[in-house]
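This is what each chain is made of:
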Amino acid sequence: MPRKTASPAKPPPFVLWREVLVAYAMPAVMAGIGGAATGQSELMIAAATTIGGTSAVVATLLGARLLRRPDRSWTLRPPRALLAAGFGITAAALALLAGWSGAHWLPRIPTLADSPWPARLRIDLPVSAAIAATVTTWRWRGSRPRRHRQH
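What counts, and at which threshold
Residues numbered from 1 in each chain as written. Predicted model: local features only at pLDDT ≥ 70, side-chain atom pairs only at ≥ 80, totals over all residues. Heavy atoms only, no water. Helix = DSSP H or I, 4+ residues; strand = E, 2+ residues; numbered from the N terminus. Buried < 20%, exposed > 50% of the residue type's maximum accessible area, 1.4 Å probe, protein only. Contact = heavy atoms within 4.5 Å. Axes fitted to C-alpha atoms, helices over the stretch in contact; angles between N-to-C directions. Parallel < 35°, antiparallel > 145°, perpendicular 65-115°, else oblique. Left-handed = near helix turned anticlockwise from the far one by under 90°. Nonpolar A, V, L, I, M, F, W, Y, C, P; charged D, E, K, R; others polar. Core = buried A, V, L, I, M, F, W, Y, C linked by side-chain atoms within 4.5 Å. Salt bridge = Lys/Arg side-chain N within 4 Å of Asp/Glu carboxyl O.

Colleague: Sorry, what's going on with the side chain of Glu19 here?
Modeller: Examined against the element boundaries, Glu19 turns out to sit in helix α1 (residues 16-38). The exposure class assigned to Glu19 is buried, which follows from its relative accessible area of 7%. Residues contacting Glu19, with those up to four places away along its chain left out, are Phe14, Ala59 and Arg139.

Encoded structure:
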């Protein structure tokens, strides 16, 4: 009697709301713990706002866009790590522009003139966006069925 060969396991599904929840919670918790451990109340506030918020927004926008892409698109051709790194670098560059712009213009608002918060945008936004885009892309690509080359 021939042995049955196990079929390859189906990859886990990419569920956008879970990705967004994790994209918000993990950096917010980690930065919040760091702020609490070092006594930096500014970091604890940033953890819940600019750090976690940026991650959640990037995961939402990128995850929704990736879900709308057909599986036969160019996103399944490059290696998973290269695709994730490319999206991470692109998100970081866009967020860096937003962070620099915000750090320049927001202090002109009288209520934010003396706040240290706008200056944090230069670092919080690009770092959070890069991590969220990389992880979201990595997990999305991992949820796609593998294509086998035909000889």
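Colleague: What is the right way to look at the packing of helix α3 (residues 80-105) against helix α4 (residues 117-143) in this model?
Modeller: Helix-helix packing is characterised by the crossing angle of the two axes and by the distance between the axes. Contact geometry of α3 with α4 gives a least axis separation of 7 Å together with a crossing angle of 160 degrees. Here α4 runs roughly antiparallel to α3, going by the angle between their axes. Note that α3 runs across α4; the crossing there is right-handed. Its residues assigned to classes, the contact of α3 with α4 comprises 21 nonpolar, 6 polar and 4 charged.

Colleague: Looking at this model, I keep getting lost on the nonpolar core. Mind explaining?
Modeller: Within soluble globular proteins, side chains that are nonpolar generally end up buried alongside one another. Among the nonpolar cores identified, the biggest contains 14 residues, and Val58, Ala129, Ala133 and Trp140 are the most heavily contacted of them. For this core, the element with the most residues is α4, which contributes 6 residues. With residues up to four places along the chain from it excluded, the contact list for Val58 reads Gly63, Ala129, Ala132 and Ala133. Counting 5 residues, the second-largest nonpolar core is a separate cluster that includes Ala31, Leu43, Ala46 and Ala47.

Colleague: What exactly am I supposed to notice about the pattern of salt bridges here?
Modeller: Between side chains of opposite charge, a pair can form when the charged atoms approach closely. Evaluated as defined, the whole model comprises 3 salt bridges. Note that Arg139 and Glu19 form a salt bridge whose closest N and O atoms lie 2.7 Å from each other. With Arg139 in helix α4 and Glu19 in helix α1, this pair connects stretches of sequence that are 120 residues apart. When the shortest N-O distance is used, the salt bridge between Glu42 and Arg120 registers 3.4 Å. Of the two residues, Glu42 sits in helix α2 (residues 41-67) while Arg120 sits in helix α4, which places them 78 residues apart along the sequence.

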